[in-house]
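# Structural description and commentary
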Amino acid sequence: KAKQKGRNNYQVYTPAIGDKALERMVLENNLYKALQRAEFLLHYQPQLDINTGKIVGMEALIRWQSVEKGLIRPDQFIPVAEETGLIFQIGEWVLRTACEQNKLWQQAGLPPIRVAVNLSARQFQQQDLVKTIAKVLHETGLKPEYLEIEITESIAIQDVDFTIAVLHTLRSMGIHISMDDFGIGYSSLWSLKRFPLDKLKIDRLFIHDFISHPKDAAIITAIVDLGHALNLKLIAEGVETAEQLKFLRSINCDGIQGYFFSPPVTAQAATEILNNQTKTLPKLDYLKTDRL
Ligand code: C2E
Ligand code: MG
Ligand code: MG
Ligand code: MG
């Protein structure tokens with residue numbers, strides 16, 4: 001960009017741009033250190049069966065506990081990790097930690113659930129992704145059916161045939177594949193046609209204000225029907241109110257995830273939630289009145 005503007009364009013040297021580049025270099029360097037110093041941790045958010053109210057999964061969401069800046073959300077550092085390739089190491093750490101945790105829950109005698117792990121598109125460019133996942137499952141002793149991989153439509157940008165082959169292999173191992181943030185990409189229907197999937201996660205953008213935007217309700221309903229016609233399970237993300245829950249139930253959505261039930265919490269708090277499921281069920285009071 002700078003070159004296009006001409007050699008003598010002073011804008012290239014403005015402090016604003018320099019600061020940004022510097023900030024990025026510092027961040028990149030700190031990410032390396034964070035890995036070495038074990039400053040990453042996972043939070044977990046419950047995913048519920050809408051009809052039974054039971055927790056059927058936990059989504060693992062990475063956090064960075066930085067000494068200087070406190071708890072940092074993934075949006076602040078995952079993009080840089082992707083650009084630098086650090087995502088490969090971070091991604092493997094996430095996978096291993098999530099699988100270990102799920103194995104611990106099973107060993108504690110809790111009813112088995114799936115742990116859902118977000119994979120970046122970039123990780124699908126890794127030739128040995130399947131090998132890495134197989135290795136982690138083997139080492140942690142978690143059965144593949146208790147692992148779910150969340151991908152986004154952005155994986156459609158790269159070598160599609162290779163990506164599809166990888167997804168088929170993962171599925172044949174018994175791992176579940178779900179399409180995250182469904183509906184907001186540029187190629188949602190095309191993705192449905194090409195990618196082998198088990199589940200769609202309806203993006204929270206549609207859930208957020210469907211009450212004031214009648215179009216959203218129609219879109220959510222159509223996504224649920226389309227997904228079911230393709231033999232997929234549907235889960236709504238970002239469910240924050242009883243009203244949203246009620247609507248999702250009326251259109252036969254299969255699952256919910258969101259602040260209404262629980263925000264992402266530490267591993268310890270997630271363990272407590274799993275241990276005390278019956279205490280949290282009153283939130284889903286419709287369970288007492290009908291369908292059961
Ligand atoms: P995502 O996978 O779509 O995760 C859902 C995000 O929505 C999470 O943000 C979660 O905290 C937030 N959320 C959950 N319920 C609600 C709700 O009811 N209302 C609202 N407003 N938000 C809700 P978070 O944890 O900041 O993660 C952001 C994104 O970062 C994730 O979006 C995912 O794309 C990415 N990410 C997180 N962990 C990882 C990871 O381990 N690896 C990779 N590659 N990406 C990750
Ligand atoms: Mg996700
Ligand atoms: Mg999502
Ligand atoms: Mg998202």
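Calculation notes
Residues numbered from 1 in each chain as written. Chains lettered and ligands numbered in written order. Predicted model: local features only at pLDDT ≥ 70, side-chain atom pairs only at ≥ 80, totals over all residues. Heavy atoms only, no water. Pairing = 2+ DSSP bridges. Helix = DSSP H or I, 4+ residues; strand = E, 2+ residues; numbered from the N terminus. Donors = N, O, S within 2.8 Å, 3.2 Å for Na, K, Ca; no water. Core = buried A, V, L, I, M, F, W, Y, C linked by side-chain atoms within 4.5 Å. Buried < 20%, exposed > 50% of the residue type's maximum accessible area, 1.4 Å probe, protein only. Contact = heavy atoms within 4.5 Å. Right-handed = clockwise from strand over helix to strand, strands pointing away. Phe/Tyr/Trp six-rings, centres within 6.5 Å; stacked < 30°, edge-to-face > 60°. Salt bridge = Lys/Arg side-chain N within 4 Å of Asp/Glu carboxyl O. Near = heavy atom within 4 Å. Polar contact = N/O pair within 3.5 Å; in protein donor to acceptor, adjacent residues only side chain to side chain. Areas by Shrake-Rupley, 256 points an atom, 1.4 Å probe, with all protein chains shown as cover.

Examined bridge by bridge, strand E7 (residues 199–202) and strand E8 (residues 233–236) share 4 bridges and lie parallel to one another. Residue pairing across strands places Lys201 opposite Ile235, the latter belonging to E8. As defined by bridge partners, E8 adjoins strand E9 (residues 255–256) across 2 bridges and the pair is classed as parallel. Considered in E9, the bridge of Ile235 is made with Gly255.

So, about the coordination of the magnesium ion (ligand 2). Those protein atoms acting as donors to the magnesium ion (ligand 2) are Glu59 (OE), Asn118 (OD1), Glu150 (OE) and Asp180 (OD), and they sit at 2.0 to 2.2 Å. For the magnesium ion (ligand 2), the single-chain donor residues occur in sequence as E-x58-N-x31-E-x29-D.

Residues Ile133, Leu147, Ile220 and Leu248 are the most contacted members of the largest nonpolar core, which totals 82 residues. Of all the elements, helix H3 (residues 87–107) adds the most residues to this core, at 7 residues. Once residues lying within four places of it in the same chain are set aside, the contact partners of Leu248 are Ile50, Ile207, Ile220, Ala236, Val239, Cys253 and Ile256.

Take the pairing of strand E5 (residues 147–151) next. Of all 5 residues in E5, 5 are buried; the element is thus mostly enclosed. Going residue by residue along E5, you find Leu147, Ile149 and Ile151 tucked away on one face and Glu148 and Glu150 tucked away on the opposite face as well. By the bridge criterion, 4 bridges tie strand E4 (residues 114–118) to E5 in an arrangement that is parallel. Bridge pairing links Asn118 to Glu150 in E5. Between E4 and its parallel partner E5, the chain crosses via helix H4 (residues 129–140), and the hand of that crossover is right-handed. Bridge count between E5 and strand E6 (residues 176–182): 4 bridges; the pairing is parallel. Counted as the bridge partner of Glu150 is Ser178 from E6. In this region the chain leaves E5, passes through helix H5 (residues 160–173) and returns to the parallel neighbour E6; the handedness of that crossover is right-handed.

Turning next to the packing of aromatic side chains. In the structure shown here, the tally under the stated rule is 7 aromatic pairs. Between Phe40 and Trp64, the aromatic rings sit 6.1 Å apart at their centres with planes inclined by 45 degrees, giving tilted as the arrangement. Placement of the pair is Phe40 in strand E1 (residues 40–49) and Trp64 in strand E2 (residues 55–66), with a sequence separation of 24 residues. Look at Phe40 and you get buried, because its relative accessible area is 8%.

Attention now moves to the pattern of salt bridges. This structure, assessed with the given rule, holds 11 salt bridges. Of the charged contacts in the structure, one is a salt bridge between Glu39 and Arg37, with a shortest N-O distance of 3.3 Å. Since its relative accessible area comes to 46%, Arg37 is described here as partly exposed. The shortest N-O distance in the salt bridge between Glu92 and Lys135 comes to 3.1 Å. In this pair, Glu92 is assigned in helix H3 and Lys135 in helix H4, connecting sequence segments 43 residues apart. Residue classification places Lys135 among the partly exposed positions, given a relative accessible area of 36%. What emerges from the salt-bridge pattern is a single network uniting Glu92, Arg96, Lys135 and Glu139.

Near ligand 1 you find 22 residues, and of these Arg73, Asp180, Arg204, Glu240 and Tyr259 are the closest. Between ligand 1 and Arg63 there is a distance of 2.8 Å, counted from an oxygen atom to a side-chain nitrogen or oxygen. Measuring from an oxygen atom of ligand 1, one finds a side-chain N or O atom of Arg204 at 2.7 Å. Protein coverage of the free-state accessible area of ligand 1, which is 810 Å², stands at 87%. Sorting the residues of the shell around ligand 1 by element identifies E2 and E6 as the ones contributing at least two each.

Glancing now at the environment of Thr132. When you line up the elements, Thr132 lands in helix H4. If we skip the residues at most four places from it in the chain, Thr132 touches Glu92 and Gln126.

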